[in-house]
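# Structure at a glance
Residues per chain, in single letters:
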Amino acid sequence: MNLSVQGMRIAVFCSGNGSNLQAIIDARDRGHITAKIALVVSDVPDCFALERAERAGIKRVVVERKAFRSKKEFEKEILKNLEKEEIGLIVLAGYMRMLSPDFIRQYPERILNIHPALLPSFKGAHGIRDAFLYGVKITGPTVHFVTEDMDAGPIILQSAVAVMGDDTEETLAEAIHKEEHKIYPRAIQLAIEGRLKIEGRRVRIF
Ligand code: GRF
C-alpha cells in the first residue's frame, strides 16, 4: 500500500450509533489521526452517526438502498461521492451492508472494517452475542482489511477482552466497544502512514 501521510482523505461509512466514528473524530482532534475525515456516508437517514458528523462539521451524504433500482446503481452513487471527495481510504464503522466485489475492487487494500469479535470466530452481524452465548472466556474486537468474503480479510489489530462471570451481553458489549475505540483509530493511522503490508493472510506492521 502506498498512501501518503500528507493530504490523505478518508470516508467513514456508518448505519447507526457512530461511537467508532466519534472515536475517530476524537483521535483526529488529538492529532492521533492525521488524515482529513472528508466524508461520512450513511445508508440510514436519521442515524445518530450523522448527528455526530454534523456536530464535528464533517460533510455527510445519505445514500439509501431503497432509492435505487439495483445494488449496482446504489453503489455507483456512493462511488460518485467518494470520487468527488478524492477519498483515499474507506473506514467501515458499523455500516450494516456488504459491499459488492466490484465496489471493493475500486479500492484495493484501502477499505478497513471493525468487527466486535476475535476473527475468524463469530463472523456476522451478532459477533458479541454469539461469542457470549457460546461461552468463550476471551473475546474482543478485530480490525481487518475488507475483502470479498464477509469478515474474512487480513487482520490488522485485535484486542482481547476477558468475559467475566457476572458479565451480561450488555456489559460485555460495553467492554468491547471501549477496546474498539482504542484500536480502530490506531489501525487507521497505521494505514494512513502506509505502515501496513499484506503478505498472504498476514499483515506486517512496520
Ligand atoms: C461495532 O460494534 C462494530 O464492531 C460493528 O458495529 C458496531 C458499530 O458501533 N461493526 P458504532 O455505530 O460505531 O457505535
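Going by the structure above, here's the rest.
Residues numbered from 1 in each chain as written. Predicted model: local features only at pLDDT ≥ 70, side-chain atom pairs only at ≥ 80, totals over all residues. Heavy atoms only, no water.

## So, the overall build of the protein
The helix and strand tally for the protein stands at six helices and eleven strands. Over its C-alpha atoms the protein spans a radius of gyration of 16 Å, differing by no more than 12% from the 17 Å that the globule rule assigns to 206 residues. Residues counted as buried form 50% of the 206 residues belonging to the protein. Long-range contacts, defined here as pairs at least 24 residues apart, represent 64% of the contacts in the protein between residues at least 6 apart. Within the structure as shown, the protein displays about 10500 Å² of accessible surface, and the carbon and sulfur contribution to it stands at 50%. Here the protein contributes 30 positive and 28 negative side-chain charges, whose respective centroids are spaced 4 Å apart. (Helix = DSSP H or I, 4+ residues; strand = E, 2+ residues; numbered from the N terminus. Rg over C-alpha atoms; globule rule 2.2 N^0.38 Å. Buried < 20%, exposed > 50% of the residue type's maximum accessible area, 1.4 Å probe, protein only. Contact = heavy atoms within 4.5 Å. Areas by Shrake-Rupley, 256 points an atom, 1.4 Å probe, with all protein chains shown as cover. Lys, Arg positive; Asp, Glu negative; His and termini not counted. Charge placed at Lys NZ, Arg CZ, Asp CG, Glu CD.)

## A few points about the layout of surface pockets
Which parts of space are left empty comes out when a probe the size of a water molecule is rolled across the atoms. The volume enclosed by the largest pocket comes to roughly 920 Å³. Lining the largest pocket are 35 residues, and of these G94, M96, I114, P116 and A125 sit closest to its centre. Elements with a contribution of two residues or more to the lining of the largest pocket: α1 (19-29), β5 (111-115), α5 (127-134) and α6 (169-192). (1 Å grid on protein atoms, 1.4 Å probe; cavity = no way out; pocket = protein on both sides within 12 Å on 5 of 7 lines; lining within 4 Å. Points joined across faces, edges and corners; volume = space filled by probe spheres on them.)

## With respect to the sheet that holds strand β2 (residues 36-42)
Sheet architecture is open: seven strands sit in the order β3-β2-β1-β4-β5-β7-β8, paired in mixed fashion. A strand with exactly one partner marks an edge of an open sheet, and here the two such strands are β3 (60-62) and β8 (155-158). Each strand axis lies, on average, 20° off the axis of its neighbour in the sheet, ignoring direction. The pairing of strand β1 (residues 9-14) with β2 spans six bridges and is parallel. Note on β2: the bridge partner recorded for V12 is V40. (Pairing = 2+ DSSP bridges. Axes fitted to C-alpha atoms, helices over the stretch in contact; angles between N-to-C directions.)

## Overview of the packing of α5 against α6
The contact between α5 and α6 brings their axes to 10 Å, and the two run at 125°. In terms of axis orientation, α5 runs oblique to α6. Here α5 and α6 pass one another in a crossing that is right-handed. Residues I128, R129 and F132 of α5 lie in contact with α6, whose contacting residues are E169, L172, A173, I176 and H177. (Parallel < 35°, antiparallel > 145°, perpendicular 65-115°, else oblique. Left-handed = near helix turned anticlockwise from the far one by under 90°.)

## A short note on the site of the ligand
Looking at the ligand, the residues that line it are N17, G18, S19, N20, G94, I114, H115, P116, H177 and E180. Between the ligand and N17 there is a distance of 3.4 Å, counted from an oxygen atom to a side-chain nitrogen or oxygen. Measuring from an oxygen atom of the ligand, one finds a side-chain N or O atom of H177 at 3.1 Å. Notes on the ligand: free accessible area 370 Å², of which the protein chains cover 84%. (Near = heavy atom within 4 Å. Polar contact = N/O pair within 3.5 Å; in protein donor to acceptor, adjacent residues only side chain to side chain.)

## A look at the side chain of N20
As for its position among the elements, N20 is in helix α1. Leaving out residues up to four positions away in the same chain, N20 has contacts with A93, I114, E180, H181 and Y184.

## Topic: the environment of H115
Its location among the elements puts H115 in strand β5. A C-alpha to C-alpha distance of 8.6 Å links H115 and G140, two positions 25 residues apart in sequence. Residue contacts for H115: discarding those within four places in its chain leaves S121, F122, K123, G124, G127, G140, P141, T142, H144, D151 and E180. There is a polar contact of 2.6 Å between the side chain of H115 and the backbone oxygen of F122.

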